[in-house]
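# Residue-level structural notes
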Amino acid sequence: MACQFVLPISFQTSPTILAFVNDHFKARGDLSGLPSVVKKLRGEISDLDKNIGDLHNKLSVVVRAWISRSDDIKSVSHEINDNLRNFDFSLSGGKTSEVDSSKTQGILRSELPILAKEVGRIETLRFYAVTTLQLEALVGDLEDVAFSFLKQRSRNDLLMYLSNASNPTDMKWKQEKLMLAVKAMNNIEEILVNVMDRQPRWSCLLNAVDSRVDNMFVLVRSQALADHRGLLASLGWPPPLMTSNLDNGRRSEISNPLFLMQEDKKETFSLSFISLCALQHLQGRREVRRSSHLGHRVCLNNSLWVFEELVSPIASRVEPHFFKWLVRPKFIFALVYKITRDLIEGIEEVLQPLIDRERLVGYSAREAWVLGMVRMLSEFLKKQMFSVLAEDYHNKNGSAQLKSSWLHLVDLCISFDKQMETLVSSGNPAFQFQHSKGISLLSIFCDQPDWLEIWTELELKDAEEKLKPELYNEKAWVLDVRSCARDIQDTQNESFLLSTREEFKTPLVAGTATQIAWTLIERCQNLPNVLHQVQFIRSSTANFLQYFFDLLLWRHQLMERRTAYLDGDILIKIASLINAARYCESVLHEWSDNVSFLEMKVVENNSIGDTRSSINLQTSFFAIEINCLIKLETDWLEEIMTGLLREFNILSWNYVQNRNQWERDDSFNSVVVPEELTVSVEMVVALDTLKDHFQILKMALNSKDFLDLWRSIAGGLDHFIFSSIILSGVKFSKWGAYQFKADIRALFLVFQPFCTRPEAFFPVVSNTVKLLSLKQEDASHLLGILSKVQSKSECLQQHGMHHVHSDQAEKILKSRLW
């Protein structure tokens, strides 16, 4: 009877067998090769049987060793039990001999610690044996999966592999194998973590396992990525890039193959996506564990492999276009933005649910897609554009064309970063672009410190060139006094809380300088590293501000060379410089109070290892620049005050030296009322000149500095009049006392527009006038008092006290008056 073979039903056959049969017997003519296939299968079966036999022998050896060790442990445990029984009997109160007691003490002191140590060693050996067996089994499973991938790939050439990559049956088999590999590596990782916690000194075991797992991981990862690339290729990724309409401004959308997937393709793609994410998560765990074992801090890549695989074929597709547009880089940025914008909606709709299903915390499909495209463009700019410009800079020492090209490229990078930020945040209005600095194109300069230095140097030169047109415009340095004029008699609406450039009466050049400085600061805000932002600002903005401060000082020195006295024009120019410095100081204070600059200051202090007190650590970011401005303002205000006081001294010299006018003892004309006396002729010019200067300064100088200035001048005049007249040994007659009071009233009128009670700012002189009024009927007694005050003044001068305060003068006069 002929032997009949009954073939199994197709749906009862496993997918692996069906795939094998389909690969080897595609046509009837392929049956002729059946003997060779059978021979090959028998060879593989014999190899497998041999491997199983070897494993059985290894297992037998391990089991025998374990049984032998177990017998040793059993004998030791019996001995422990016997000793413990004897020990327990001795503690139960039974009568024992001194020999038994000494034996028990010996056990407690010597044998029991040794026994405990031996038990611990045995437990460690047991844990090592069990762990090694578990790891050997899991690593063996992982190697079987990896070798199965190799055998599968060896049966097909590359073209056949790509054509079958999207086959649902083949993909399902591969995904099952891949998940088995991931499960095995996860189990291995859990065991290794346990080993590292319990026995961190077993570095040889950890290194051996990691070495074998690394080798298998490379194979599994390459297979998973190759499968995913084949799947993407079968889906039509990357899509055709229609760039012909970029030049004429028309918008043409790029179709997204992921958005057009059928259900079966979508399920296959989902499995591949999940497998790659699981594999990447596992690799992250392994890197964290190994870095913690070595005491290092690991910085994991925040991009997903699936998005890198989406971007990689696009990069190879667009690179030829990039090379054609090297001289017109705006088209490069436009093309990348167009691709990113047209495909972002479909990618988010397809991949974001998968990310949410896998609970990948901290990942956004929209942001990951933008991150991948930005990095792709960043790599091209770094290799093909910035590196060439940097080389040209070192060779040509920075030409104008190179500066223009470099800064234009930076402008495009900054504009592109803003566009990418808009794309990411447009998906969710409440979404904050938290990683905007991390995906910025300016991260190129973080990897190349010398490029950062070139950039800052070019930015500084460009900023100085932008300021130069204002430097040669005299109208930009001085405000129009007429436009800033106010009614100096109206002091009700005077404001000393300055905020705007107009309130500071600042010349246009100062506003332009601060705007340029702030533009420099804004250009580095997308640098991912705060310390690099600090370096950029210190090298560009701070140097530019110092350049402007030097210009202020230079213009002041020019005025000192041209004239030695203060006229109206000189006062207006110096006041403009003071206003400019005051405005810049206010702006720098405002910037330093910003949270970003506070963070920069902390990072800067930490980077230089600042061990100073906490007060110094809280110094503002622009402390050096602010102190420089304060010194300039103080010096220039002191110069104005000194000049006005010196001029008043010169103009009132005859008035001060004319003692006869105070000592004249003419009988007072009854027709002339004392209150109607006019100011002395010698005093008129000095007061009129002081009043004119005050009017000019009132209009030209900012209100805060003007307030400090006229108060300081009032204090100086108070001291000058008291020391030059009152303490000069003069003897006042009745008429001289009235004339002195009239002159002082005229002096108060000069300061009347600035305050309601000017006598409050002349404490010594006003108190002297009051005391003179009290004793007008007793002139001889008053002269005696003033002579004693003179002797007191001479005594103070001998002791080096050249200034008499108001309370001291009043105390001297009152003590001699009664």
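For every chain, the first residue of the written sequence is number 1, and numbering continues from 1 onward in sequence order. Local features in this predicted model are restricted to residues of pLDDT 70 or higher, and side-chain atom pairs are both shown and tallied only at a pLDDT of 80 or more, whereas totals for entire chains, interfaces and linings draw on every residue. Hydrogens and waters are ignored; side-chain quantities use all the structure's heavy atoms.

Further remarks concern the overall build of the protein chain. Labels follow the DSSP assignment, with helices taken as runs of H or I lasting at least four residues and strands as runs of E lasting at least two, numbered in each case from the N terminus. Scanning the protein chain for helices and strands turns up 28 helices and zero strands. Buried residues are those whose accessible area, probed at 1.4 Å on protein chains only, stays under 20% of the maximum for their type, while exposed residues exceed 50% and partly exposed ones sit between those limits. The proportion of buried residues among the 818 residues of the protein chain is 42%. Accessible surface computed for the protein chain: about 45,300 Å², of which carbon and sulfur atoms make up 54%. Surface exposure here means Shrake-Rupley accessible area, sampled with a 1.4 Å probe, where a residue is shielded only by the protein chains that are shown.

Each reported salt bridge corresponds to a side-chain nitrogen of Lys or Arg within 4 Å of a carboxyl oxygen of Asp or Glu. Tallied over the full model, the rule gives 31 salt bridges. Put simply, E189 and R289 hold a salt bridge, and the shortest N to O gap is 2.9 Å. Taken as a pair, E189 in helix α5 (residues 168-198) and R289 in helix α7 (residues 263-294) lie far apart in primary sequence, 100 residues in all. For E189, a relative accessible area of 2% puts it in the buried group. Overall, the relative accessible area of 5% leaves R289 in the buried class. Note that R229 and E309 form a salt bridge whose closest N and O atoms lie 2.7 Å from each other. Of this pair, R229 sits in helix α6 (residues 203-235) while E309 is found in helix α8 (residues 305-324), placing the two residues 80 residues apart along the sequence. By relative accessible area, which is 44% here, R229 ends up partly exposed.

Our next topic: a nonpolar patch on the surface. A contiguous nonpolar surface patch, about 350 Å² in accessible area, is contributed by L59, V63, W66 and I67. Relative to the elements of secondary structure, L59 occurs in helix α2 (residues 34-91). For L59, a relative accessible area of 47% gives the class partly exposed. Two distance rules govern patches: like charges are joined within 9 Å, and nonpolar side chains (Val, Leu, Ile, Met, Phe, Trp, Tyr) within 5 Å, applied only to residues with over 30% relative accessible area and no salt bridge.

Simply put, an axis is a line fit to the C-alpha atoms, just over the touching stretch for a helix, and the angle between two N-to-C directions goes from 0 to 180 degrees. The N-to-C vectors of helix α24 (residues 703-724) and helix α25 (residues 734-751) enclose an angle of 170°; their axes lie 12 Å apart at closest approach. Considering the angle they form, α24 stands roughly antiparallel to α25. Note on packing geometry: the crossing formed by α24 with α25 is right-handed. Contacts from W710, I713, A714, L717 and I721 in α24 reach F740, I744, L747 and F751 in α25. When grouped by side-chain class, the residues that make up the contact of α24 with α25 number nine nonpolar, no polar and no charged. Note that the term roughly parallel is reserved for angles under 35 degrees, roughly antiparallel for angles over 145, roughly perpendicular for angles of 65 to 115, and oblique for everything else. Left-handed describes a crossing whose near helix is turned anticlockwise from the far helix by less than a right angle; the clockwise case is right-handed. Every residue pair with non-hydrogen atoms within 4.5 Å of one another is taken to be in contact. Polarity classes work like this: nonpolar for Ala, Val, Leu, Ile, Met, Phe, Trp, Tyr, Cys and Pro, charged for Asp, Glu, Lys and Arg, and polar for all others, with Gly in that last group.

With respect to the helices and strands, the residue F504 is situated in the loop between α13 (449-471) and α14 (508-523). A residue is classified by how much of its surface remains accessible, and F504, at 3% relative accessible area, is buried. When the C-alpha atoms of F504 and A580 are compared, they prove to be 7.9 Å apart, with 76 residues separating the residues in sequence.

In this fold, N215 is placed in helix α6. Under the relative-accessibility criterion, N215 is labelled partly exposed at 45%. As a C-alpha pair, N215 and A146 span 69 residues in sequence and 9.5 Å in three-dimensional space.

The subject of this paragraph is the packing of aromatic side chains. Only Phe, Tyr and Trp rings are paired, with Trp represented by its six-membered ring, and only when their centres lie within 6.5 Å; those with planes under 30 degrees apart are stacked, over 60 edge-to-face, the remainder tilted. For the coordinates displayed, the defined rule picks out 34 aromatic pairs. Between the aromatic rings of W325 and F331, the centroid separation amounts to 5.8 Å while the plane-to-plane angle is 55°, which identifies the pairing as tilted. Comparing W325 with F331 shows no difference in burial state: the two are buried. Summarising the aromatic geometry, the rings of W406 and F445 are spaced 6.2 Å apart at their centres and angled 40° between planes, so their arrangement reads as tilted. One end of the pair, W406, is in helix α11 (residues 400-426); the other, F445, is in helix α12 (residues 444-447), and 39 residues separate them in sequence. For the pair formed by W406 and F445, the shared burial category is buried. Clustering of aromatic rings is evident, with ring pairs tying together F694, F706, W710, F748, F751, F754, F761 and F762.

Our focus in this paragraph is helix α20 (residues 623-651). Helix span, expected: 1.5 Å multiplied by one less than the number of residues in the helix. In this model α20 runs 42 Å from its N-terminal to its C-terminal C-alpha over 29 residues, within 8% of the 42 Å that 1.5 Å per residue would give. Regarding α20, the residues found buried are A623, E625, I626, L629, L632, E633, W636, L637, I640, G643, L644 and F648.

With that settled, consider the nonpolar core. Among the buried residues, those of types Ala, Val, Leu, Ile, Met, Phe, Trp, Tyr and Cys that are joined through side-chain atoms within 4.5 Å form a nonpolar core. Judged by nonpolar contacts, the single largest core of 200 residues is most densely connected at F307, W369, W406, F740 and F751. Take this core: its biggest share by element is 16 residues, from helix α10 (residues 365-396). Leaving out residues up to four positions away in the same chain, W369 has contacts with W237, F307, L310, V311, I314, I339, T340, L343, I344 and I347.

With that settled, consider α8. Here α8 contains 20 residues, and its C-alpha end-to-end distance of 29 Å stays within 8% of the 28 Å for a straight helix at 1.5 Å per residue. Bend is the name given here to the angle between axes fitted to two runs of seven residues, the run ending at a residue and the run starting at it. V318 marks the point of greatest bend in α8, at about 40°, and the proline P320 comes within the next four residues. Within α8, burial applies to W305, V306, F307, E309, L310, V311, I314, V318, H321 and F322.

Take the packing of α8 against α10 next. It is the contact of α8 with α10, at a shortest axis distance of 10 Å, that shows an interaxial angle of 40°. Accordingly, the angle class assigned to the pair α8 and α10 is oblique. Viewed along their axes, α8 and α10 form a crossing whose handedness is right-handed. Here F307, L310, V311, I314, A315, V318, E319, F322 and F323 of α8 lie close against α10, whose contacting residues are A365, A368, W369, G372, M373, M376, F380 and Q384. Tallied by class, the residues present in the contact of α8 with α10 amount to 14 nonpolar, two polar and one charged.

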